[in-house]
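Below, each chain spelled out in residue letters.
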Amino acid sequence: MTRLAVVVGSVRPNRVGGSIAQWVVDQANKIEGVEAEIVDIASFNLPLFAEEIPPRMAVPSDPAGAAFDEALKSFDALIFVTPEYNFSIPGALKNAIDFLQPGAVANKGVGVVGYSYSVGIRAVSHLQQILQGMGATVVASNVFLSLNTDFADGAVIDSDPKVTALNGVLDEVIAAGA
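Note that this is a predicted model, so its numbers are computed, not measured.

## What to know about the overall build of the protein chain
Reasoning step 1: Of the regular secondary structure elements, the protein chain holds five helices and eight strands.
Reasoning step 2: Mapped in sequence order, the helices and strands of the protein chain form the string β-α-β-α-β-α-β-α-β-β-β-β-α.
Reasoning step 3: The 178 residues of the protein chain split such that 50% are buried.
Reasoning step 4: Restricting the contact set of the protein chain to residue pairs at least 6 apart, pairs at least 24 apart contribute 79%.
Reasoning step 5: Accessible surface for the protein chain amounts to roughly 7900 Å². Of this, 53% is attributable to carbon and sulfur atoms.
Reasoning step 6: The positive charge centre, built from 10 side chains, and the negative charge centre, built from 19, are 5 Å apart in the protein chain.

## As for helix α5 (residues 160–177)
Reasoning step 1: Compared with the 26 Å implied by 1.5 Å per residue over 18 residues, the 25 Å span of α5 between its first and last C-alpha is a close match.
Reasoning step 2: Inspection of α5 places Lys162, Val163, Leu166, Val169, Leu170, Val173 and Ile174 among the buried residues, and these make up the whole buried set. One side of α5 holds all its buried residues, which, seen down the axis, span an arc of 125°. Relative to its buried face, α5 has exposed residues pointing more than 90 degrees away, namely Asp160, Pro161, Thr164, Asp171 and Ala175.
Reasoning step 3: Buried positions along α5 lie against β1 (2–8), α1 (17–28), β2 (34–40), β3 (77–83), β4 (109–116) and β6 (143–146).

## Regarding unusual backbone geometry
Reasoning step 1: Here the phi dihedral of Asn45 falls at roughly 50°; this positive angle occurs in a residue that is not glycine.
Reasoning step 2: Relative to the assigned elements, Asn45 resides in the loop between β2 and α2 (63–73).
Reasoning step 3: A positive phi is found at Asp153, a non-glycine position, where the angle reads about 55°.
Reasoning step 4: With respect to the element layout, Asp153 can be found in the loop between β7 (151–152) and β8 (155–156).
Reasoning step 5: On the accessibility criterion, Asp153 (85% relative accessible area) is exposed.

Cut-offs and rules
- Residues numbered from 1 in each chain as written.
- Predicted model: local features only at pLDDT ≥ 70, side-chain atom pairs only at ≥ 80, totals over all residues.
- Heavy atoms only, no water.
- Helix = DSSP H or I, 4+ residues; strand = E, 2+ residues; numbered from the N terminus.
- Buried < 20%, exposed > 50% of the residue type's maximum accessible area, 1.4 Å probe, protein only.
- Contact = heavy atoms within 4.5 Å.
- Areas by Shrake-Rupley, 256 points an atom, 1.4 Å probe, with all protein chains shown as cover.
- Lys, Arg positive; Asp, Glu negative; His and termini not counted.
- Charge placed at Lys NZ, Arg CZ, Asp CG, Glu CD.
- Expected span 1.5 Å × (residues − 1).
- Arc of directions from axis to C-beta.

Any functional reading would require information beyond the geometric quantities listed.
This is the structure:
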């Protein structure tokens, strides 16, 4: 059984990241041997990262940071769902990642789903660089969603090209996480 975390990378109250993450979870749970669930960074109420000792050297001393780190460590593979804010990932997502010890992502299959009015390409690229630097096995496939054309009533339009792209990410993440 592969345990897959789908990480919601935005904390905005009116975000669509939660519906995208649910779409990913629903698709992933159709795959035999996969158990996917949402990990929402907003639910951890993370403070600004200000640890005295870097997480590479010690478990975060902040209880919320330690809980987020432990949550991701419990999964075999990860998919991050990120919007693009000002040509990069949201500050809240970078802040959350800063609390992670290397074991939370290192040598795990990791994929990224990006979304924005410009499909999130720059955010995906930036997030991939961060995660690769932490030792993650970042897969080559991605999903890019346009807020202009890929959503209806706040949910992803379940089109064949998008499902095909997501299935490619899922296949690669699961294979890398095995």
